[in-house]
Amino acid sequence: SGVPTALMAAPRILPTRRIPGTDDRLAVIALGNSNAFRQGDAATARRLLATFFEHGGGYIDCAGEGAYLVASLAKTLGHNRSAFLGSYFNAGNAADSLASAERLRAIRGLPSLDLMHTVPEDGEPNWDVMRGWKEAGLTRYIGLARHQSRYYDTMMKVMATGTLDFLQVNLSPLETEAEDRILPMAMDRGVAVTINRPFINGRYFSIVRGKSLPAWAVEFDCTSWAQFSLKYILSHPAVTCVLTETANPKHLRDNLGGGIGRLPDKKTRVKMRQLLQSFS
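Below you will find a few notes about this structure. The model shown is predicted, which means the values in this text are computed figures rather than measured ones.

Examining the pairing of strand β5 (residues 84-88)
(1) Moving on: Counting buried residues along β5, four of its five residues qualify, which places the element largely inside the surrounding structure.
(2) Moving on: In this structure, strand β4 (residues 59-61) lies alongside β5, joined through three bridges in parallel fashion. Along β5, the bridge assignment pairs Ile 60 with Leu 85.
(3) Moving on: Taking the sense of rotation as the criterion, the β-α-β connection linking β4, helix α4 (residues 64-76) and β5 turns out right-handed.

Next up, the structure:
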């Protein structure tokens with residue numbers, strides 16, 4: 001064809017979506033808190049991040065010690081500014097949280113952290129503390145993260161206060177409860193939505209194992225069961241990006257494909273849910 005091989009092999013870059021109310025944008029496929037980060041496996045984490053950045057990835061969800069590893073690797077790989085780190089802090093233990101945040105900020109060498117999340121374990125987190133961190137310039141955004149419907153009431157209560165920039169919630173074609181109440185309210189309130197559990201912690205794959213992808217998946221550029229769930233999620237207008245967790249660079253490439261190309265329409269989304277329900 002006369003096209004240089006290097007050009008033919010150029011990575012496809014992920015599309016981005018705007019963080020509501022801002023000019024900041026995030027690539028639609030994000031990296032969840034991979035075992036490689038959690039276990040401090042720097043070699044695997046480096047391979048994952050290199051692949052992720054190569055395709056225009058930005059958002060990385062990381063907790064505990066894993067956050068420091070991700071921050072230093074992003075810097076080493078020359079992506080300190082393009083990496084958007086969502087990290088976790090306990091607003092009820094402000095002193096420890098502040099020390100962790102300052103350590104992370106020192107590694108990054110940037111004026112502010114990107115996103116500081118808190119997790120509602122028992123009732124509502126201390127939002128005054130979180131707001132204080134944002135007002136002091138410690139973080140650009142504050143968020144709430146959980147993955148079970150029993151936390152939805154708390155999520156809605158916090159969204160109603162107008163203080164939330166980001167909400168992380170579970171959604172997949174087999175776990176659709178968030179579509180009823182959470183996602184419409186997030187859209188209404190201008191809250192960015194990041195999605196966790198796209199594969200229900202792996203249970204999704206045991207449901208589709210041995211099943212053939214339907215022929216009509218080609219209509220929305222879907223070539224694997226992983227992409228089937230990711231494209232379902234991304235076709236919801238409230239979703240900013242979806243978190244995929246893997247320690248396998250090959251699986252990551254497949255996941256990244258879920259963010260590229262066409263997405264299913266409303267009618268197709270119903271068909272996708274029905275097909276998966278018929279398996280489970």
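Quick word on the pattern of salt bridges
Two side chains bearing opposite charge may form a pair once their charged atoms approach each other closely.
(1) Moving on: On inspection of all chains with the given rule, the structure shows 13 salt bridges.
(2) Moving on: One salt bridge connects Arg 105 with Glu 102, and the closest N-O pair in it is separated by 2.9 Å. Of this pair, Arg 105 and Glu 102 both sit in helix α5 (residues 94-108), separated by three residues, roughly a single helical turn.
(3) Moving on: A salt bridge links Glu 179 to Arg 269; its shortest N-O distance comes to 3.2 Å. Placement of the pair is Glu 179 in the loop between β8 (166-170) and α8 (182-189) and Arg 269 in helix α12 (residues 266-279), with a sequence separation of 90 residues. Residues Glu 179 and Arg 269 agree in their burial class; the two are buried.
(4) Moving on: Each of Asp 24, Arg 108, Asp 114 and Arg 140 takes part in salt bridges that share partners, so that together they form one network.

As for α5
(1) Moving on: Here α5 contains 15 residues, and its C-alpha end-to-end distance of 21 Å stays within 8% of the 21 Å for a straight helix at 1.5 Å per residue.
(2) Moving on: Residues Ser 97, Ala 101, Leu 104 and Arg 108 constitute the buried set of α5. Projected onto a plane normal to the axis of α5, the buried residues spread over an arc of 60° and lie on a single side. When the buried face of α5 is taken as reference, the exposed residues oriented beyond 90 degrees from it are Ala 95 and Ala 106.

Observations regarding the packing of helix α7 (residues 152-160) against α8
(1) Moving on: Closest axis-to-axis distance for the α7/α8 pair is 10 Å, and the angle between their directions is 10°. Between α7 and α8, the angle falls in the class roughly parallel. Where α7 abuts α8, its residues Tyr 152, Met 155, Met 156, Met 159 and Ala 160 lie against Ile 182, Met 185, Ala 186 and Arg 189.

Things to note about the side chain of Thr 246
(1) Moving on: Mapped onto the fold, Thr 246 is located in the loop between β10 (239-244) and α11 (249-257).
(2) Moving on: Judged by its relative accessible area of 10%, Thr 246 is buried.
(3) Moving on: Among the polar contacts listed, one links the side chain of Thr 246 to the backbone nitrogen of Asn 248, at a separation of 3.0 Å.
(4) Moving on: If sequence neighbours within four positions are ignored, Thr 246 has contacts with Ser 34, Leu 48, His 251, Leu 252 and Asn 255.

Regarding the nonpolar core
(1) Moving on: Formed by 75 residues in total, the largest nonpolar core has its most connected members in Ile 60, Met 159, Val 169, Ile 182, Leu 183 and Phe 228.
(2) Moving on: Not counting residues up to four positions away in its chain, the partners in contact with Met 159 are Leu 164, Leu 167, Ile 182, Met 185, Ala 186, Arg 189 and Val 191.
(3) Moving on: In this structure, Ile 19, Tyr 59, Leu 115 and Cys 241 belong to the second largest nonpolar core, which totals eleven residues.

Notes on helix α3 (residues 42-54)
(1) Moving on: For α3, spanning 13 residues, the distance from its first C-alpha to its last is 18 Å, which sits close to the expected 18 Å at 1.5 Å a residue.
(2) Moving on: Within α3 the residues assigned to the buried category are Thr 44, Ala 45, Leu 48, Leu 49, Thr 51, Phe 52 and Phe 53.
(3) Moving on: Of the surrounding elements, those touching the buried residues of α3 are β3 (29-31), α2 (35-38), β4, α4 and α11.
(4) Moving on: Gly 56 occupies a position one or two residues after α3 and carries a positive phi of about 85°.

Points about the packing of α3 against α4
(1) Moving on: In the contact formed by α3 and α4, the axes pass within 10 Å of each other and the chain directions differ by 55°. Considering the angle they form, α3 stands oblique to α4. Both α3 and α4 take part in a crossing whose hand is right-handed. Residue-level contacts link Ala 42, Ala 45, Arg 46, Leu 49 and Phe 53 of α3 to Leu 69, Val 70, Leu 73, Ala 74 and Thr 76 of α4.
(2) Moving on: In terms of residue class, the contact of α3 with α4 is made up of eight nonpolar, one polar and one charged.

Criteria and cut-off values
- Residues numbered from 1 in each chain as written.
- Predicted model: local features only at pLDDT ≥ 70, side-chain atom pairs only at ≥ 80, totals over all residues.
- Heavy atoms only, no water.
- Buried < 20%, exposed > 50% of the residue type's maximum accessible area, 1.4 Å probe, protein only.
- Helix = DSSP H or I, 4+ residues; strand = E, 2+ residues; numbered from the N terminus.
- Pairing = 2+ DSSP bridges.
- Right-handed = clockwise from strand over helix to strand, strands pointing away.
- Salt bridge = Lys/Arg side-chain N within 4 Å of Asp/Glu carboxyl O.
- Expected span 1.5 Å × (residues − 1).
- Arc of directions from axis to C-beta.
- Axes fitted to C-alpha atoms, helices over the stretch in contact; angles between N-to-C directions.
- Parallel < 35°, antiparallel > 145°, perpendicular 65-115°, else oblique.
- Contact = heavy atoms within 4.5 Å.
- Polar contact = N/O pair within 3.5 Å; in protein donor to acceptor, adjacent residues only side chain to side chain.
- Core = buried A, V, L, I, M, F, W, Y, C linked by side-chain atoms within 4.5 Å.
- Left-handed = near helix turned anticlockwise from the far one by under 90°.
- Nonpolar A, V, L, I, M, F, W, Y, C, P; charged D, E, K, R; others polar.

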